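Chain residues, written in single-letter form:
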Amino acid sequence: MILSPEEWGIVTLSLRVSLVAVGLMLPVAFAFAWLLARWRFPGKLLVDALVHLPLVVPPVVTGWLLLVLFGANGPLGRLFEQAFGLSFMFRWTGAALASAIMAMPLMVRAMRLSIEGIDRRLEQAAQTLGAGRWRVFLTISLPLSLPGIVAGLVLGFARSIGEFGATITFVSDVPGETRTLPIAIYSALQLPGAEAAVTRLAVISILLSLGALVTSEALARRASGGRTNHVL
Amino acid sequence: MSFEIAIDHRIGDRPIHLRAQAGAGLVALFGPSGAGKTSILNMVAGILTPDNGRIAVDGETLFDSSAGIDIPVARRRAGYVFQDGRLFPHMRVRANLLYGRHGDAPLSFDAVLDFLGIGHLLDRWPATLSGGEAQRVAIGRALLSGPRFLLLDEPLSSLDPGRREEILTVIERMKRDLAMPMLYVSHDRYEVDRLADQIIAL
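Small disclaimer: the values here were computed from a predicted structure and weren't measured.

Visitor: Hey, could you go over the overall build of chain A for me, with residue numbers and the actual values?
Guide: A count of helical and extended segments in chain A gives 11 helices and 0 strands. Along chain A, helices and strands appear, N-terminal first, in the series α-α-α-α-α-α-α-α-α-α-α. Each of the three principal axes of chain A carries a C-alpha extent, and together these read 70 × 45 × 30 Å. For chain A, buried positions account for 44% of its 232 residues.

See below:
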């Protein structure tokens, strides 16, 4: 399948936005997952609800909230501008932020399930063998939650590749900056005679998502030493 | 005194009280299911904190509520052999054995392999082991962690009768060869009569 240079640009932009989104969200989502799986604290229900908000609220509303918070005059937008010189408006960084937020609930859910599934008695056994908290975490808890981490990454990546509503609301449709695959497909559909381009971009979207799934299955099989063979 | 245990603990509405002092050798905690035997082992290991009391092994205080002493699990150096083995499923037998490796172990790595007859299992995953093999690896892992004392929680209960004899023999040899305090939980009269130097009935 032959892609035009412009279409290649769309594909690489989508990949960059999704990989950065999922990569940045990984430690955040794992921390939330751990917090929700292992700790009891006042306000836990509220944290749980906030984490899940992007899953249940219309994406356009999430995009609007991002605009309010991270826009040029938003409190967090100003903070990032002053602290890091980082601006989100009409930029691919904004698309990555929107993707990360939209992917967060799915990533947290997958990781949380996996953390809750860890047999705590194995951690106790490790302690009796002389392992301190960090060693138990790094050698027992983390490897045993790996299938959930991989599942979270795949779900998050697939969600990011498909992200449309929050992104277009937050950072609009700027060719080369925020025109990711779904937005490009939508834009192309508005023009007469772009059916071929739409087909090519749609096929690429499907291939990327399937590729992520197949890769994750292979990773999970390897990580588990052949004991389990599916991630989702 | 090997084990000095004086504890009061409540789990739900079930109280556990124990006052016991034990001499050298293998001490059996004997009683019916639900008497709190495993809870007592967990308290000696430090996994469970008693509401009140004092626990000392070989003269060293591990827990004393009135003195505010509570040595963390990782520093109690308990060789805990769990009822269900609890091998780490994501590590091969070799990595399981070496997980808690400690310089003060009573036997070297090779000696443990030899002692327990598990040298041929090193590259296997725990899921592929039989119950008896898994239990021998679990015992080896505990011995290699350089324990000051051993806690054995019904190590025969998950085995079929043919394999029990195999592990019983191993425990008898450990008693003979390693002069180490051992606390052995069981509800089986035959095991207790055969192994115990002293019996604490619950």
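Visitor: Can you explain the sheet that holds strand 8 (residues 149-153) of chain B? Please cite residues and give values.
Guide: Strands in a sheet are paired, the pairing made by backbone hydrogen bonds, and the direction either parallel or antiparallel. All names here are of chain B. Pairing is parallel across the open sheet formed by 5 strands, whose spatial order is 7-8-9-3-10. If you trace the sheet from one side to the other, it starts and ends with strand 7 (78-81) and strand 10 (198-201), each paired once. The sheet shows a mean angle of 20 degrees between the axes of neighbouring strands, direction not considered. As paired strands, strand 3 (residues 26-30) and strand 9 (residues 182-186) are joined by 5 bridges and run parallel to one another. Looking across to strand 9, one finds that L26 is bridged to M182. Where helix 1 (residues 37-45) meets the sheet, its contacts fall on strand 3, strand 7, strand 8 and strand 9, and the angle it forms with strand 8 comes to roughly 155 degrees. Helix 5 (residues 131-144) rests against strand 7 and strand 8 of the sheet, and its axis sits at about 175 degrees to strand 7.

Visitor: Explain the packing of aromatic side chains residue by residue, including any values.
Guide: On inspection of all chains with the given rule, the structure shows 12 aromatic pairs over all chains. Judged by centre distance (6.1 Å) and plane angle (65 degrees), the ring pair of F30(A) and F137(A) falls under edge-to-face. You can see F30(A) sitting in helix 1 (residues 5-38) and its partner F137(A) sitting in helix 7 (residues 133-144), a full 107 residues away along the chain. Just as F30(A) is buried, F137(A) falls in that class too. Taking 5.1 Å as the distance between ring centres and 85 degrees as the angle between the ring planes, the aromatic pair formed by W34(A) and F137(A) counts as edge-to-face. A residue pair is termed long-range when its members are at least 10 positions apart, and W34(A) in helix 1 and F137(A) in helix 7 qualify at 103 residues. The rings of F30(A), W34(A), W134(A) and F137(A) are connected pair by pair, giving a single aromatic cluster. Between the NZ or CZ atom of R173(B) and the centre of the ring of F115(B), over which it lies, the distance is 4.3 Å. Above the plane of the ring of F30(B) lies R189(B), whose end atom (NZ or CZ) is 4.8 Å from the centre.

Visitor: So what's going on with the packing of helix 5 of chain B against helix 6 (residues 161-177) of chain B? Which residues, and what values?
Guide: When two helices pack together, you describe them by how their axes are tilted relative to each other and by the distance separating the axes. Residues and elements named next belong to chain B. The geometry of helix 5 relative to helix 6 is characterised by a closest axis approach of 9 Å and an angle of 20 degrees between their N-to-C directions. The pairing of helix 5 with helix 6 is recorded here as roughly parallel in orientation. Two packed elements cross with a definite hand, and for helix 5 against helix 6 that hand is right-handed. Together, G132, E133, Q135, R136, I139 and L143 of helix 5 and R163, E166, I167, V170 and M174 of helix 6 make up the contact between the two elements. Of the residues in the contact of helix 5 with helix 6, the class split is 5 nonpolar, 2 polar and 4 charged.

The rules behind the values
- Residues numbered from 1 in each chain as written.
- Chains lettered and ligands numbered in written order.
- Predicted model: local features only at pLDDT ≥ 70, side-chain atom pairs only at ≥ 80, totals over all residues.
- Heavy atoms only, no water.
- Helix = DSSP H or I, 4+ residues; strand = E, 2+ residues; numbered from the N terminus.
- Buried < 20%, exposed > 50% of the residue type's maximum accessible area, 1.4 Å probe, protein only.
- Pairing = 2+ DSSP bridges.
- Axes fitted to C-alpha atoms, helices over the stretch in contact; angles between N-to-C directions.
- Contact = heavy atoms within 4.5 Å.
- Phe/Tyr/Trp six-rings, centres within 6.5 Å; stacked < 30°, edge-to-face > 60°.
- Lys NZ or Arg CZ within 6 Å of the ring centre and 35° of its normal.
- Parallel < 35°, antiparallel > 145°, perpendicular 65-115°, else oblique.
- Left-handed = near helix turned anticlockwise from the far one by under 90°.
- Nonpolar A, V, L, I, M, F, W, Y, C, P; charged D, E, K, R; others polar.

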